[in-house]
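# Structural features, examined
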Amino acid sequence: MRGWLGLNAGARALLGLARVRLAPVAEGTRCGARSLGGVLVLSVGLWLGAGMVAEAASCAQVRLGQPSDEYGHRVLGTEGEYKAILAAAPEGALTPMLRLAPGRVFEDVGVRCADLDGDGALEIVVVESTLEAGARILVLRQDGLRLSEYAATPPIGQRNRWRGIAAVGDLDGDGRLEIAEVDRPHLAGILRFWRLEDGGSGAALHEIAAVSGYSNHRIGQDFITAAVRDCGSGAELILPDFAWQALQAVRLRGDAVAARSTDLPADHTGLARALDCEAS
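Let us look at the structure shown here. No experiment lies behind these values; they were computed from the predicted model shown.

### Focus on the pairing of strand S19 (residues 247-253)
Within S19, 6 of the 7 residues are buried, leaving the element largely enclosed by the surrounding structure. Where strand S18 (residues 235-240) meets S19, 4 bridges bridge the pair, whose relative direction is antiparallel. Among the inter-strand pairings, Leu-237 is bridged to a residue of S19, identified as Val-250. Between S18 and the antiparallel strand that follows it, S19, lie 6 residues; Trp-244 among them carries a positive phi value of about 60 degrees. As judged from the 6 bridges shared by S19 and strand S20 (residues 256-261), these two strands associate in the antiparallel manner. Within S20, the position partnered with Leu-252 by the bridge is Val-257. Hairpin connection, S19 to S20: the antiparallel pair is bridged by 2 residues, and Gly-254 has positive phi, about 65 degrees.

### So, the nonpolar core
Ranked by size, the top nonpolar core spans 38 residues in total, and within it Leu-116, Ile-179, Phe-193 and Leu-237 carry the most contacts. Here Leu-237 is in contact with Ala-166, Ala-167, Ala-180, Leu-191, Phe-193, Ala-227, Val-228, Gln-248, Ala-249 and Val-250, once residues within four sequence places are set aside. Core analysis: the next-biggest nonpolar cluster, separate from the first, contains 17 residues, Leu-64, Ile-85, Met-97 and Leu-122 among them.

### Notes on the side chain of Glu-81
Along the chain, Glu-81 falls in strand S6 (residues 81-88). It is Arg-74 that comes nearest to the buried, bridge-free Glu-81 among opposite-charge side chains, at 6.2 Å. There is a polar contact of 2.9 Å between the side chain of Glu-81 and the backbone nitrogen of Gly-72. Only 3.1 Å separates the side chain of Glu-81 from the backbone nitrogen of His-73, close enough to count as a polar contact. Setting aside anything within four residues of it in sequence, one finds Glu-81 in contact with Gln-66, Pro-67, Ser-68, Tyr-71, Gly-72, His-73, Arg-74, Val-75, Val-105, Phe-106 and Glu-107.

### Some words on the sheet that holds strand S15 (residues 190-198)
Taking strand neighbours across the sheet as the criterion, the 4 strands line up as S13-S14-S15-S16 in an open arrangement whose pairing is antiparallel. Each having just a single partner strand, strand S13 (163-169) and strand S16 (203-212) make up the two edges of the open sheet. Each neighbouring strand pair of the sheet contributes to a mean axis angle of 25 degrees, computed without reference to strand direction. As judged from the 9 bridges shared by S15 and S16, these two strands associate in the antiparallel manner. Across the sheet, Trp-194 pairs through a bridge with Glu-207, a residue of S16.

Conventions and cut-offs
Residues numbered from 1 in each chain as written. Predicted model: local features only at pLDDT ≥ 70, side-chain atom pairs only at ≥ 80, totals over all residues. Heavy atoms only, no water. Buried < 20%, exposed > 50% of the residue type's maximum accessible area, 1.4 Å probe, protein only. Helix = DSSP H or I, 4+ residues; strand = E, 2+ residues; numbered from the N terminus. Pairing = 2+ DSSP bridges. Core = buried A, V, L, I, M, F, W, Y, C linked by side-chain atoms within 4.5 Å. Contact = heavy atoms within 4.5 Å. Lys, Arg positive; Asp, Glu negative; His and termini not counted. Salt bridge = Lys/Arg side-chain N within 4 Å of Asp/Glu carboxyl O. Polar contact = N/O pair within 3.5 Å; in protein donor to acceptor, adjacent residues only side chain to side chain. Axes fitted to C-alpha atoms, helices over the stretch in contact; angles between N-to-C directions.

Printed below as a string of structure tokens:
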């Protein structure tokens, strides 16, 4: 079975991603998936291809915009820090959905969109960084063409400390969607899994598992090296070990993480081979 986590109907069914929708935007936009050999791959910035972006419930096309030097981290290269999330109308007009206050930026390769709470509406998932506390994962709820905070992880607690989102999807096969991220992929290498849950006092992101020894980003790159595949036995998150020696195949089972090293190199060629179910 081919291992691309694509967003056509058949591939969505592989991992229960029927609630995730994408729509094309212009080349060069900053978004949460790319076209790779004609197949869309969720949450893989990778190295080339026309931009793809999550389709909101209103069919607006959502992207990061208004580049900013206010934060000045530049871990994602000369770009990668933005003040706003924009909706692109079919005729090309851009409408701000959310603009951050001073001291805050979106620090990400793009936005991701999925129905995390199962209510039929799509939430937006993106990394936000602040001058005081560094990066956190932010979940935004849409009301027409306006966005508001729905839930978030705790911030790292220090400026210029980043987290790279690896995937959003049903990673343990239970029908609910999880967010996988690497907390400080250049310094700490902690792979964390989060799930949006309603604890009675409102929705919150709850950490369900964490394990050290991983990365998904090198300083200066404008893409994430990570993907999800299903080669016939369930979802596996594929990403580099912390030393970038080999790709790792990680499975989430409840609150436990099982991992094994592959013999594939920790680069885009290895990732493509992994997604073709080599080293399965």
